Amino acid sequence: KLCRPDTRPHETPDPHHASPFQFSNGKLPNSQTVKFQLHKSIHKANPRKKHHLVLSAETDRLTYVGSNFGPGAPKCNSLCKYFVGVLNKTTGVMNVHDAQLFNLQPTIPGESFAEVDSGEKLTSYRDKVNSLIEAFGTNKQKRALSSRRLNEVGNETLQKAVAKAAENVIERKGIEALSSEAAQFDAQDMSAFLPPCHVDAKKPEDVYPFEDLFSNAEYQAMEPFSEKFKTSTSEDIRKLEKSDNYSSFVLEALQFLPRDKEKRDHMTRCLCYLQILIRLHNLKKKEIKHKGSLGSDVADVVNNKLMKNFTVLTYNNGCVKNIMPDTMKSKIAAYIIALALHINSFQTDLTHLQRNLKISENKMLEIARAMGLKIGKKNVDVPGVGAESHKIGTLLLPLVVPILTHGLGKKEKLDKKSASNAVNPN
């Protein structure tokens, strides 16, 4: 629409100015019965306000107001200048006028235009949508809105309860006692995150029992997914390597599968499960919440067991989801080391595993020592690189569990070390 606004008695129309406008809630069928007025800012001394214009349109039912400034102004590019061409059909000449765009919105009687603008600022988009749902929404939308508001109230109540409980604990125990308890918790042994260990076992296979690492239900579920490994050739292994879906540790072990049918079946199931553990360890935070994040070759019984044992449930933003903190990643690494020991006659290449798990060497060695492994070195020929020095972890009996020295003084550490050497002189 294009109009030449009416003016007040003390105003004169600008012959070189035109005001294109549109109504926010529909089209105007007849503009002859509408009275337009263009109001200019009187703050001519202020360069920011001297170009402010307000266009009003009065009809029989409502008054519409629009401006070229503020939140109600059209979202046009301020770096552009707009023009309107008016064609004189008699002379065939077109006159070009400067244009100010307006979006006319209905106003409520008794409420000023400035008040409407300020109210728009205070009301968020979500609140506006909720108001529309309350007024015009379906029953399903209204129930969803009610549930969201109940969750918000529940979260606020829970946060207040947790804060109150924390204040009560601090008042009862004091800050010093809580700091001491936190230090003791940090100094705890990593055994809480290690596989079940039998320190007094007489055989290496009984130190970290296979059934505690790989349950019978998971073992049976691996059968259909490990079939492709049983008959894998050198060409098949090269294809798996190009797919980049398998770790180098597993691919190398596939080249040395035993010929015995029963042993070969056992080995392929273990390698298949080990690959899933490595895949779980290397998942990104965003990938953990997806049900199929471990791949289509993982049975539901295996996926559910892994998520239960190696992730933590957390409540955030009104939903429950799985997360994997660093302690759980260390736990997965420990289970991988223990399973690799069963696969490789209780001696495994820690450097190889460390690279597949994408963790530091110090972290891998820390976990291995906490498991009681003896750390050694070995030169390994790597294709395309040559000889490399790798760290090798070996499970020897009797198992030597490291002594917890965190938080002890220097003299106490020396006493502990001397006692350990006296018991285990080697």
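Further up the page is the structure itself.
Residues numbered from 1 in each chain as written. Predicted model: local features only at pLDDT ≥ 70, side-chain atom pairs only at ≥ 80, totals over all residues. Heavy atoms only, no water.

### A few points about the overall build of the chain
Piece 1. Each helix and strand in the chain was counted, giving 17 helices and 13 strands.
Piece 2. The buried share of the chain, reckoned over its 426 residues, is 33%.
Piece 3. Look at the contacts in the chain between residues 6 or more apart in sequence, and 55% of them connect residues 24 or more apart.
Piece 4. When the accessible surface of the chain is totalled, it reaches about 28,400 Å², and 53% of it is carbon and sulfur. (Helix = DSSP H or I, 4+ residues; strand = E, 2+ residues; numbered from the N terminus. Buried < 20%, exposed > 50% of the residue type's maximum accessible area, 1.4 Å probe, protein only. Contact = heavy atoms within 4.5 Å. Areas by Shrake-Rupley, 256 points an atom, 1.4 Å probe, with all protein chains shown as cover.)

### With respect to the sheet that holds strand E11 (residues 347–349)
Two pairing modes exist for strands in a sheet, parallel and antiparallel, and in both the strands are linked by backbone hydrogen bonds.
Piece 1. Read across the open sheet, the 3 strands follow the order E11-E13-E12; overall the sheet is antiparallel. The sheet is open, and its two borders are formed by E11 and strand E12 (374–382), each paired with just one other strand. Each adjacent strand pair in this sheet contributes to an overall mean axis angle of 35°, direction not counted. (Pairing = 2+ DSSP bridges. Axes fitted to C-alpha atoms, helices over the stretch in contact; angles between N-to-C directions.)

### Points about the packing of aromatic side chains
The description of two aromatic rings rests on the distance between their centres and on the angle between their planes.
Piece 1. Summed over the entire model, instances satisfying the criterion amount to 6 aromatic pairs.
Piece 2. When the centroid spacing of 6.3 Å and the interplanar angle of 80° are considered together, the rings of Phe210 and Tyr219 count as edge-to-face. With respect to burial, Phe210 and Tyr219 carry one shared label: buried.
Piece 3. An aromatic cluster is built from Phe210, Phe214, Tyr219 and Tyr273, whose rings are joined through pairwise contacts. (Phe/Tyr/Trp six-rings, centres within 6.5 Å; stacked < 30°, edge-to-face > 60°.)

### Let's talk about the pattern of salt bridges
Piece 1. One pass over the full model with this rule turns up 9 salt bridges.
Piece 2. Residue Glu223 is joined to Arg269 by a salt bridge in which the shortest nitrogen-to-oxygen separation is 3.8 Å. Of the two residues, Glu223 is situated in helix H8 (residues 223–230) and Arg269 in helix H11 (residues 261–281); the sequence distance between them amounts to 46 residues.
Piece 3. Two residues, Arg238 and Glu235, come together in a salt bridge whose shortest N-O distance is 2.7 Å. (Salt bridge = Lys/Arg side-chain N within 4 Å of Asp/Glu carboxyl O.)

### Examining the nonpolar core
Piece 1. Ranked by size, the top nonpolar core spans 66 residues in total, and within it Leu254, Leu280, Leu306, Ile337 and Met371 carry the most contacts.
Piece 2. In terms of residues, this core owes the most to one element, helix H14 (residues 326–343), which gives 12 residues.
Piece 3. Those residues in contact with Leu254 that lie beyond four places of it in its chain are Phe229, Ile237, Leu240 and Leu271.
Piece 4. Residues Phe23, Phe36, Tyr64 and Phe102 belong to the second largest nonpolar core, which totals 12 residues. (Core = buried A, V, L, I, M, F, W, Y, C linked by side-chain atoms within 4.5 Å.)

### Topic: the packing of H8 against H11
Piece 1. It is at 9 Å that the axes of H8 and H11 come closest, and there the two elements cross at 110°. Here H11 runs roughly perpendicular to H8, going by the angle between their axes. Both H8 and H11 take part in a crossing whose hand is right-handed. Residue-level inspection shows Glu223, Phe225, Ser226, Phe229 and Lys230 of H8 in contact with H11, the latter providing Arg264, Asp265, Thr268, Arg269 and Cys272.
Piece 2. Looking at the contact of H8 with H11 residue by residue, the classes come out as 3 nonpolar, 2 polar and 5 charged. (Parallel < 35°, antiparallel > 145°, perpendicular 65-115°, else oblique. Left-handed = near helix turned anticlockwise from the far one by under 90°. Nonpolar A, V, L, I, M, F, W, Y, C, P; charged D, E, K, R; others polar.)

### A closer look at unusual backbone geometry
Piece 1. The omega torsion across Leu397 and Pro398 is 0°, close enough to zero to call that bond cis.
Piece 2. With respect to the helices and strands, Pro398 occurs in the loop between strand E13 (386–394) and helix H17 (410–423).
Piece 3. If you check the backbone angles, Ser345 has positive phi at about 55° while not being a glycine.
Piece 4. Topologically, Ser345 is positioned in the loop between H14 and E11.
Piece 5. Overall, the relative accessible area of 63% leaves Ser345 in the exposed class.
Piece 6. Here the phi dihedral of Lys358 falls at roughly 60°; this positive angle occurs in a residue that is not glycine.
Piece 7. As for its position among the elements, Lys358 is in the loop between helix H15 (350–357) and helix H16 (361–370).

### A look at the side chain of Lys230
Piece 1. Looking at the secondary structure, you find Lys230 in helix H8.
Piece 2. Since its relative accessible area comes to 18%, Lys230 is described here as buried.
Piece 3. Of the polar contacts made by the side chain of Lys230, one reaches the side chain of Glu227; its length is 2.9 Å.
Piece 4. In this structure the side chain of Lys230 is engaged in a polar contact, spanning 2.5 Å, whose partner is the side chain of Asp265. (Polar contact = N/O pair within 3.5 Å; in protein donor to acceptor, adjacent residues only side chain to side chain.)

### Some details on H8
Piece 1. Regarding H8, the residues found buried are Ser226, Phe229 and Lys230. Down the axis, H8 shows its buried residues gathered within 95° of arc, on one side only.
Piece 2. Next to the buried residues of H8 lie helix H9 (234–243), helix H10 (248–254) and H11. (Arc of directions from axis to C-beta.)

### Things to note about a negative patch on the surface
Piece 1. Together, Glu205, Asp206, Glu211 and Asp212 give the surface a local cluster of negative charge.
Piece 2. Every element with two or more residues in the negative patch is listed here: helix H5 (204–207) and helix H6 (210–213).
Piece 3. Inspection of the secondary structure assignment puts Asp206 in helix H5.
Piece 4. Classification of Asp206 as partly exposed rests on a relative accessible area of 37%. (Patch = residues over 30% accessible without salt bridge, like charges linked within 9 Å, V, L, I, M, F, W, Y side chains within 5 Å. Lys, Arg positive; Asp, Glu negative; His and termini not counted. Charge placed at Lys NZ, Arg CZ, Asp CG, Glu CD.)

### Some points on the packing of H11 against H14
Piece 1. Taken N-terminus to C-terminus, the directions of H11 and H14 make an angle of 160°; their axes are 10 Å apart at the nearest point. In terms of orientation, H11 and H14 fall into the roughly antiparallel class. In the crossing of H11 with H14, the sense of the turn from one axis to the other is left-handed. Between H11 and H14, the contacting residues are Met267, Cys270, Leu271, Tyr273, Leu274, Leu277, Ile278, Leu280 and His281 on the first element and Lys329, Ile332, Ala333, Ile336, Leu339 and Ile343 on the second.
Piece 2. Taken together, the residues of the contact of H11 with H14 break down into 13 nonpolar, 1 polar and 1 charged.

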